[in-house]
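Structural description and commentary
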Amino acid sequence: MRYDPKKIEARWQKKWLADKTYEPDFKHAKKPFYNLMMFPYTSAEGLHIGGMRTFTGVDIYGRLKRMQGYDVFEPIGLDAFGIHSENYGLKTGRHPMTYGRVLEKNFYRQLAMMGNGFAWDERLETNDAEYYRWTQWIFVQMFKRGLAYRKKQAVNWCPSCKTVLADEQVIAGECERCGSVVVKKELEQWFFRITQYTERLLQNLEKIDWSERVKIAQKNWIGKSEGAMIKFKVKSDVKNDDIEVFTTRPDTLFGATYLVVAPEHEFIESHKSQITNYVQVVAYVKKARTKAEADRIAAGKEKTGVELKGIKAINPANNEEISIFVADYVLGSYGTGAIMAVPAHDERDFAFAKKYKIANRQVIEPVFIQTTEPGIVRKDLPFEHRDAIIAIVKHWSEEKYIGLKWKTVAWQTLVTGGIEKGQTAEEAAKAEIREEAGFLHPKLIADLGIIHGKWYHVPKQVNRFGHARALYFELQDGAREAISEAEQKNHDMFWFSKEDLEKFLSPESHRWALAILDRSRAYTGDGILTHSGSFTGMDSEEAKWEITKFVRGKRVSQYHLRDWLLSRQRYWGPPIPMIFCEVCKNTGRGERPEMPGWYAVPEKNLPVKLPFVKDFRPTGTDQSPLASVATFYKVRCPKCKKMARRETDVSDTFLDSAWYFLRYPSTRSARSGQVPWDQEITKKWLPVSIYIGGAEHSVLHLMYSRFLTMAFCDWKLLKFEEPFPKFRAHGLITKDGAKMSKSKGNVVNPDDYIRAYGADAVRMYLAFLAPFEQGGDFRDTGIRGITRFLERVWKFAHKVIMIRQPAEKNLKRSFGHRPQDDALQIILHKTIKKVTEDIENLQYNTAISALMILLNEVEASQNAVGAEDIKIFLKLLAPFAPHITEELWQKSGNRELGAGSRKFRSIHREAWPKYNPRFIQENMVDFIFQINGKTRVVIEIKRGSSQQEATRLARNLDAVKQRLPSEPTRVIFIPDKLINFVVQ
RNA sequence: GCCGCUGUGAUGAAAUUGGCAAACAUGCGGGACUCAAAAUCCCGUGGGGGCAACCCCUUGUCGGUUCAAGUCCGACCAGCGGCACCA
């Protein structure tokens, strides 16, 4: 009897389907478990090996749950709409509407071959009119509730896909799909108001159990920053009004020496008559607006801009008149599209101000807190304030500077010390230079201002809050006196070039002193205010809100997240179900007051079917191919019944997949309902129990799904606001270390491997190769180990079932009937425990290794193994290798039940084995004897042995005895684990 | 630049959360079976030393805490991922 996977796999797949083994009873299920994987999209390449790994990973988990008594629902379907399938059609000249069926069939065939426990009866496709009528219905609801709107703005345009894209679909300036450089286009488009949910999308992240990296990605994408809105008065000869800016640093307001508006800012247009150099400004704006996003970034740090002449703004903190610029380093889409510029405390403003020679005023004195040893601030000690100096001292004839290496503590500093009573900073510095370096003739060249520092002064054992004046000296000559012995014990003195000195210095405050000598950087950290009127001396954190109050600003949060741009100028998607009526627009009528002329297609007229269009190529204009199909777009206005025009854009494919999980359980029962899902079933089955998918969808699919679910919850259509309380991101499968892609020609096709080794072997290899959440490299050789394992299982199980079982009828030596200390019993129960826990933690690789260990063990002690043992083994293996275990199970089961039993009962519906904690405790434990923490001997001793017993044993062990004096300094005893003798 | 993750044999990876580093597999070497090969089975396999029982070293690098560190703390190096002219 050879193990022939091809034969048995096909047989059981057919049987399961006929038996409806994996179809839950939606109405009556007692323990519903919604086991979901991310929706695959139909692709010409078919199923990817990485996709197979995800699906089997989910399936393994679901099979455990099913055997644990849950009613597991593991749906499957296809996201068949979208640019991916459409582009394939364009390339091959095959129409997606017809050829899509072929791809679909192939995809389902591949999925079926994996042997997953899919509920095939509930499958759905997004391009099915019965599905997308509800996608359109969602759009209509969004519109009716003011969450869908049209707006003209500069949007991302992919020249290769010939459509606009959402921000989320632009990765570092490139199209997420095809990698082309995205350009900006000024277009009127449909948006969903996801920004209305920003704060909830952010807050809820705390409540959901997701892979940490995905949560962080969402958090970054939402991009919250806290700050203030501040109004600046604008003055000109013509009229006075104001301009509002957003800043996270209102504490630097006194240092704001100019304002900048983005090229897109309406301020420019509305102040046309006041700007005396308007022609020049408009030329700049025009150039900036046509620049591709990528060019704008590539242009890098070189800042450009034009001053708006003829108008000035007033800094509300000090009533100073300041200039206004337009510059493309300010984005129109963030904050108010205008900023206050503080050259002294912002890198970008610093660079711009330097180029255009705008005043730079320091208003924050830096405070550096020591974060590295030696010198980390002790939390339990108070601060001792101290006025001090930091002196940069230059050589009298060379480009060299003094650095001090401390001998008592690992500090490397400039010349530094305290200011004594009655001393000026200059006097104090000169005294230190003489004491620490011996030089007699330093000349003060520059006062670099105050630098504060908090640190723990190790030699003096106090927390210091130092206020140091940084001074720059040049030595007039080399005249020098001897350094006292006391000082010589404190430091060594060295000369350094400026670069070497910067590397040499350890406290950040000293490095900063060197940086301001060149005036090459802006200080962007927190500190203490200076040159800030009555706020001088205040901490910047406190000053932020005090100054905001002072100038009547508002404390607000800003977010990076933008509204979801939803329209696509393409063919292969659900038409956006809207109608525009010119007549109504002109009379000011419309369904929403803010959008005259626009009407949603009445719900009874949904779906708006996508017509068959022979030439479905994108036009490359801002119009979809549907715009040239008169029979499609010509429609009567739902209100006035005059001729109107249908919207001809289709919706983003991410809308199709943002709600599919709500539909699955209801595919068969909600066909003609008022909402896309059956309320009763939804209440029972949702939210999703566990969701598994790729981290690459962190800010696309997952964000959109959360958004829609929240909206539905607010509309009382759902009772939960998070669709996926538990989500795990799987790892990526590479081939030869590289991401698989068609262009690289390294795509692994699962078909070939399943054909060669069987689905069970491929499944197990994919699970064994690395922890599920980690991913790894696909190697052909790796499958061999799994194949060997399955063949051994096959042979061994046959041996037990066919030969031994009949003979052991009365032998009560199997599971549960063994003596307490039976070695096989112990390992059996341990394996049950480990496999159960590992599957629950998605650690399939170690679960499989535990099964391998069990098989090794069991083969080595064949005599003791009974049919009951083998059946437990098969159950534990069943989630990973569903076919071979079913085959062997049925073989063993038929004998047990007798020839009379005809009823099919799948192993996958049998109860998962339970372990007995009592049997896991061995009587003997491996006990470690250590000397000074080094293991010397390991021997088996009785569980529960005392320290005295262990010590007595130790004294009889040669390896220990030799090294052990009569009285060890110390003994550490950990029961049932180790004893460690500490010897001097 | 900011935020996060990961560094363990030739390779994929384990390590009951601070307690025998390298489980399980792959690969490689040797042997058995065979006319031969494949398959299968057995033995060996981190590095160094010793005739040997054994000993010393080893988890990216350096330092620290501890009786004991792959695991905790600090610095650095390398790789991966997210964000990034976001005020």
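Residue positions are given per chain, counting from 1 as you read along its sequence in written order. Just so you know, chain letters begin at A and ligand numbers begin at 1, following the order they were written in. Owing to the predicted nature of the model, reporting of local features is limited to residues with pLDDT of at least 70; listing and counting of side-chain atom pairs is limited to 80 or more, with chain, interface and lining totals taken over all residues. As a convention, hydrogens and water are excluded, and side-chain values are obtained from all of the structure's heavy atoms.

**Points about the overall build of chain A**
Selection rule: A helix here means a DSSP run of H or I that spans at least four residues, while a strand means a run of E at least two residues long, and both kinds are numbered starting from the N terminus. Think of it in three bands: with a 1.4 Å probe and only protein chains considered, a residue is buried below 20% of the maximum accessible area for its type, exposed above 50%, and partly exposed in between. By definition, residues are in contact when any of their heavy atoms lie within 4.5 Å. To measure how exposed things are, a 1.4 Å probe is used in the Shrake-Rupley method; for residues, cover is taken only from the protein chains shown. We treat Lys and Arg as the positive residues and Asp and Glu as the negative residues; His and chain ends play no part in the count. Taken as the charge location is NZ of Lys, CZ of Arg, CG of Asp or CD of Glu.
What chain A contains, in helices and strands, is 32 helices and 43 strands. Expressed along its principal axes, the backbone C-alpha trace of chain A runs to roughly 110 × 110 × 45 Å. Looking at chain A as a whole, 54% of its 984 residues are labelled buried. Intrachain contacts of chain A at a sequence separation of at least 6 include 75% that bridge at least 24 residues. Accessible area for chain A stands at about 44800 Å²; split by element, carbon and sulfur atoms hold 50% of it. For chain A, the separation between the mean place of its 151 positive charges and that of its 122 negative charges on side chains is 6 Å.

**Thoughts on the packing of helix α2 (residues 49–67) against helix α24 (residues 759–768)**
Quick reminder of the rule: To obtain an axis, a line is fitted to C-alpha atoms, over the contacting stretch when the element is a helix, and the angle between two such axes runs from 0 to 180 degrees between their N-to-C directions. Angles below 35 degrees are treated as roughly parallel, those above 145 as roughly antiparallel, those between 65 and 115 as roughly perpendicular, and all remaining angles as oblique. Each residue gets one label: Ala, Val, Leu, Ile, Met, Phe, Trp, Tyr, Cys and Pro are nonpolar, Asp, Glu, Lys and Arg are charged, and the others, such as Gly, are polar.
One can describe the packing of α2 onto α24 by two numbers: an axis separation of 9 Å at closest approach and a directional angle of 90 degrees. It follows that α2 is roughly perpendicular to α24 by the angle criterion. Touching I49, M52, R53, T56, D59, I60 and R63 of α2 are V762, R763, L766 and A767, all from α24. In the contact of α2 with α24, the residues fall into six nonpolar, one polar and four charged.

**Side note on unusual backbone geometry**
Glycine aside, negative phi is the norm for most residues, and most peptide bonds take the trans geometry. Cis rather than trans, the peptide bond between L606 and P607 has omega equal to 0 degrees. Locating P607 in the fold gives a position in the loop between β31 (598–600) and α18 (630–633). Backbone torsion omega between L686 and P687 reads 5 degrees, so that peptide bond is classified as cis. Relative to the assigned elements, P687 resides in the loop between α21 (679–685) and β35 (690–694). Of note in this structure, K20 is not a glycine but carries a positive phi near 55 degrees. Along the chain, the position of K20 falls in the loop between α1 (5–19) and β1 (32–37). A relative accessible area of 43% places K20 in the partly exposed class. Of note, the phi angle at K716 is positive, near 65 degrees, even though the residue is not glycine.

**Examining the sheet that holds strand β43 (residues 978–982)**
Hydrogen bonds along the backbone pair up the strands of a sheet, which may run parallel or antiparallel. This is how it is decided: The pairing criterion is simple: DSSP has to find at least two bridges between the two strands.
Strand order in the open sheet made by the four strands is β41-β40-β43-β42, with mixed pairing throughout. Lying at the two open borders of the sheet, with one neighbouring strand each, are β41 (934–942) and β42 (970–974). This sheet shows a mean twist of 15 degrees between the axes of neighbouring strands, independent of strand direction. Note that β42 and β43 share five bridges and pair antiparallel. Each bridged residue has a counterpart across the sheet, and for R970 the counterpart in β43 is V982. In this fold helix α31 (residues 947–955) packs onto β40 (924–931), β41, β42 and β43, with an angle of close to 65 degrees to the strand it touches most, β43.

**A short note on the protein's contact with RNA strand B**
Selection criterion: Throughout, the term near means that a residue has one or more heavy atoms lying within 4 Å of the molecule or strand in question. A 3.5 Å cut-off defines polar contacts: any pair of N or O atoms within that distance qualifies, except that in protein one atom must be a possible hydrogen donor and the other a possible acceptor, and neighbouring residues in sequence count only when both atoms are side-chain atoms.
Neighbouring RNA strand B are 54 residues; T248, K303, R348, L769 and N980 lie closest to it. Sugar and phosphate atoms represent 64% of those atoms of RNA strand B found within 4 Å of the protein. Within the side chain of R779, one N or O atom sits 2.8 Å away from a sugar or linking oxygen of RNA strand B. A distance of 2.4 Å separates a base oxygen of RNA strand B from a polar side-chain atom of N980. Secondary structure elements with two or more residues in the surface near RNA strand B: α7 (212–222), β12 (241–247), α25 (782–807), α27 (844–860), β40, β41, β42 and β43. Looking at the surface near RNA strand B residue by residue, the class counts come to 20 nonpolar, 18 polar and 16 charged.

**Quick look at the packing of aromatic side chains**
This is how the line gets drawn: Planes of paired rings set the category: under 30 degrees apart is stacked, over 60 is edge-to-face and the rest tilted, where pairs are Phe, Tyr or Trp rings (Trp by its six-membered ring) whose centres lie within 6.5 Å. For a lysine, the NZ atom is tested; for an arginine, the CZ atom; a charge sits over a ring if that atom is within 6 Å of the ring centre and within 35 degrees of the ring normal.
Scanning the entire structure with this criterion turns up 66 aromatic pairs. Ring centres of F139 and F192 lie 5.4 Å apart, and the angle between their planes is 45 degrees; on these two criteria the pair is classed as tilted. Pair noted here: F139 is in helix α5 (residues 129–144) and F192 is in strand β9 (residues 183–192), with a separation of 53 residues, a long-range link. Like F192, F139 is buried. Relative to W512, the ring of F368 lies with its centre 6.3 Å away and its plane at 50 degrees, an arrangement referred to as tilted. With F368 in strand β18 (residues 364–369) and W512 in helix α15 (residues 508–518), this residue pair connects regions lying 144 residues apart in the sequence. Classification of W512 as buried rests on a relative accessible area of 8%. An aromatic cluster of at least three residues, connected via ring pairs, comprises F26, Y34, F39, F73, W210, Y660, F661, Y664, W685, Y691, F724 and F727. The aromatic ring of F191 is capped on one face by K151, whose charged end is 5.0 Å from the ring centroid. The lysine or arginine in question, R645, covers the ring of Y633, its NZ or CZ lying 4.0 Å from the ring centre.

**Considering the sheet that holds strand β36 (residues 726–730)**
Taken in spatial order, the five strands line up as β2-β1-β35-β36-β10 in an open sheet, and their pairing is parallel. Whereas interior strands pair on both sides, the edge strands pair on one side only; in this sheet they are β2 (71–73) and β10 (209–210). Two elements, β1 and β35, share three bridges in a ladder whose sense is parallel. In the sheet register, N35 faces β35, and the bridge partner there is I690. Each of β1, β2, β35 and β36 touches α2; the most contacted strand, β1, lies at about 170 degrees to it.

**Side note on α15**
Burial of α15 is extensive: eight of the 11 residues sit out of reach of the surface. Residues S509, H510, W512, A513, L514, A515, I516 and L517 constitute the buried set of α15. Immediately downstream of α15, the backbone of R519 shows phi near 50 degrees, a positive value.

**Considering the pairing of β1**
The element β1 is extensively covered by neighbouring structure, given that five of its six residues are classed as buried. With three bridges joining them, β1 and β2 adopt parallel strand pairing. Within β2, the position partnered with F33 by the bridge is V72.

**So, the nonpolar core**
As a rule of thumb, soluble globular proteins bury nonpolar side chains together. As a reminder, the rule being used: Definition used in this section: a nonpolar core is a set of buried Ala, Val, Leu, Ile, Met, Phe, Trp, Tyr and Cys residues joined via side-chain atoms within 4.5 Å.
Core analysis: the largest hydrophobic core is formed by 104 residues, its most contacted members being M142, F192, W564 and L708. When neighbours within four sequence positions are excluded, L708 is seen to be in contact with I138, M142, F192, L655, A658 and W659. M67, A761, I783 and L876 belong to the second-largest nonpolar core, a separate cluster that totals 84 residues.

**Brief notes about the confidence of the model for chain A**
Detail in the predicted coordinates should be disregarded across regions flagged by low pLDDT. Put simply, the rule reads: Here pLDDT means the predictor's own confidence in every residue, given as a number from 0 to 100.
Chain-level pLDDT for chain A is 87 on average; 94% of the residues reach the 70-or-more range. Between residues 894–900, whose pLDDT stays under 50, and residues either more than four places distant or in other chains, the model counts eight contacts.

**Things to note about the environment of I230**
In this structure, I230 sits in strand β11 (residues 225–236). By relative accessible area, I230 is classed as buried at 0%. When the C-alpha atoms of I230 and R905 are compared, they prove to be 72 Å apart, with 675 residues separating the residues in sequence. If we skip the residues at most four places from it in the chain, I230 touches I243, E244, V245, T247, P250, L253, P316 and V551.

**Focus on the side chain of H345**
In this structure, H345 sits in the loop between β17 (338–341) and α11 (347–356). Since its relative accessible area comes to 6%, H345 is described here as buried. A polar side-chain atom of H345 sits 3.0 Å from the main-chain amide nitrogen of I364. Not counting residues within four places of it along the chain, the set of residues in contact with H345 comprises T252, R361, Q362, V363, I364, A522, Y523 and T524.

**A word on the pattern of salt bridges**
Operational definition: Any Lys or Arg side-chain nitrogen located within 4 Å of an Asp or Glu carboxyl oxygen qualifies as a salt bridge.
This structure, assessed with the given rule, holds 43 salt bridges. As a salt-bridge pair, D251 and R249 come within 2.9 Å of each other at their nearest N and O atoms. One salt bridge in this structure joins R792 and E859, with 2.9 Å as the shortest N-O distance. Of this pair, R792 sits in helix α25 while E859 sits in helix α27, placing them 67 residues apart in sequence.

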